[in-house]
Amino acid sequence: MNVQLNKAVFLDRDGVINEVKTHRVKFVNRKEDLYFLENVPESIKKLNDAGFKVFVVTNQGGVGLGYMTEDTLNDIHDHMARELAKQGAQIHEIMACTHAPHENCYCRKPGSQMLLDLIDDYDIDIMKSYMVGDREPDIEAGNAVGIKSLMVVNTHPEAYKSFKDLSEAVDWILEDEKA
Ligand SMILES: [Mg+2]
Ligand SMILES: [Zn+2]
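Let us look at the structure shown here. (Residues numbered from 1 in each chain as written. Chains lettered and ligands numbered in written order. Predicted model: local features only at pLDDT ≥ 70, side-chain atom pairs only at ≥ 80, totals over all residues. Heavy atoms only, no water.)

## Points about the pairing of strand β2 (residues 53–59)
Working step 1: Counting buried positions along β2 yields six of seven residues, so the element is predominantly enclosed.
Working step 2: In the sheet, strand β1 (residues 8–11) pairs with β2 via four bridges, with the strands oriented parallel. In the sheet register, L11 faces β2, and the bridge partner there is V56.
Working step 3: Note on the crossover from β1 through helix α1 (residues 40–49) to β2: the handedness is right-handed. (Buried < 20%, exposed > 50% of the residue type's maximum accessible area, 1.4 Å probe, protein only. Helix = DSSP H or I, 4+ residues; strand = E, 2+ residues; numbered from the N terminus. Pairing = 2+ DSSP bridges. Right-handed = clockwise from strand over helix to strand, strands pointing away.)

## With respect to a negative patch on the surface
Working step 1: On the surface, E32, E70, D71, D75 and D78 cluster together into a patch of negative charge.
Working step 2: Within the fold, E32 resides in the loop between β1 and α1. (Patch = residues over 30% accessible without salt bridge, like charges linked within 9 Å, V, L, I, M, F, W, Y side chains within 5 Å. Areas by Shrake-Rupley, 256 points an atom, 1.4 Å probe, with all protein chains shown as cover. Salt bridge = Lys/Arg side-chain N within 4 Å of Asp/Glu carboxyl O. Lys, Arg positive; Asp, Glu negative; His and termini not counted. Charge placed at Lys NZ, Arg CZ, Asp CG, Glu CD.)

## Some remarks on unusual backbone geometry
Working step 1: Of the consecutive residues K109 and P110, the connecting peptide bond is found in the cis state with omega at 20 degrees.
Working step 2: On the secondary structure map, P110 appears in the loop between β3 (93–97) and α4 (113–121).
Working step 3: Although it is not a glycine, V153 adopts a positive phi angle of roughly 70 degrees.
Working step 4: Look at V153 and you get exposed, because its relative accessible area is 55%.

## Focus on the packing of α1 against helix α6 (residues 166–176)
Working step 1: Here α1 crosses α6 at 15 degrees, and the two axes come no closer than 9 Å. By the angle between their axes, α1 is roughly parallel relative to α6. Viewed along their axes, α1 and α6 form a crossing whose handedness is left-handed. Listed contacts from α6 to V40, S43, I44, K46 and L47 of α1 are L166, S167, V170, D171, I173 and L174.
Working step 2: Across the contact of α1 with α6, the residue classes break down as seven nonpolar, two polar and two charged. (Axes fitted to C-alpha atoms, helices over the stretch in contact; angles between N-to-C directions. Parallel < 35°, antiparallel > 145°, perpendicular 65-115°, else oblique. Left-handed = near helix turned anticlockwise from the far one by under 90°. Contact = heavy atoms within 4.5 Å. Nonpolar A, V, L, I, M, F, W, Y, C, P; charged D, E, K, R; others polar.)

Next comes the structure, spelled out in structure tokens:
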């Protein structure tokens, strides 16, 4: 048997890819509120060029709570993928947990079901993969599946390493994978 395993970077969305809680946007509940953070398309393209599958794994409890419909969320994600593609950056799949926080599902981070499903579907090698998030649940979800979990913007004692933003984290990943 010769299974070709893929390497992957799992990205949290809000606060990693796009702005939240800034002067112009609180939550992204419509596509007009999606503002990419600095150097995000370029950073994702760098990962693509290095052969990484790039996935977005995002908690969108606003759907389960009734602040946004599933259709609107899909609309936001189609828009996000299209805008990134215009700049040569490819997201291989976007996975969202739309359950409300109190539903206690397995997909909402720190649960790791979204990661596990992608690892299974795309034959991902966890030894060569990374999670990037800006909050504790991201780090916990990544650690639970045994991938190096990187924190951006904030720091966390259980993060493998912390960085200022996605761009810095990606530059580190591209060095780390050679080690
Ligand atoms: Mg976030
Ligand atoms: Zn869920």
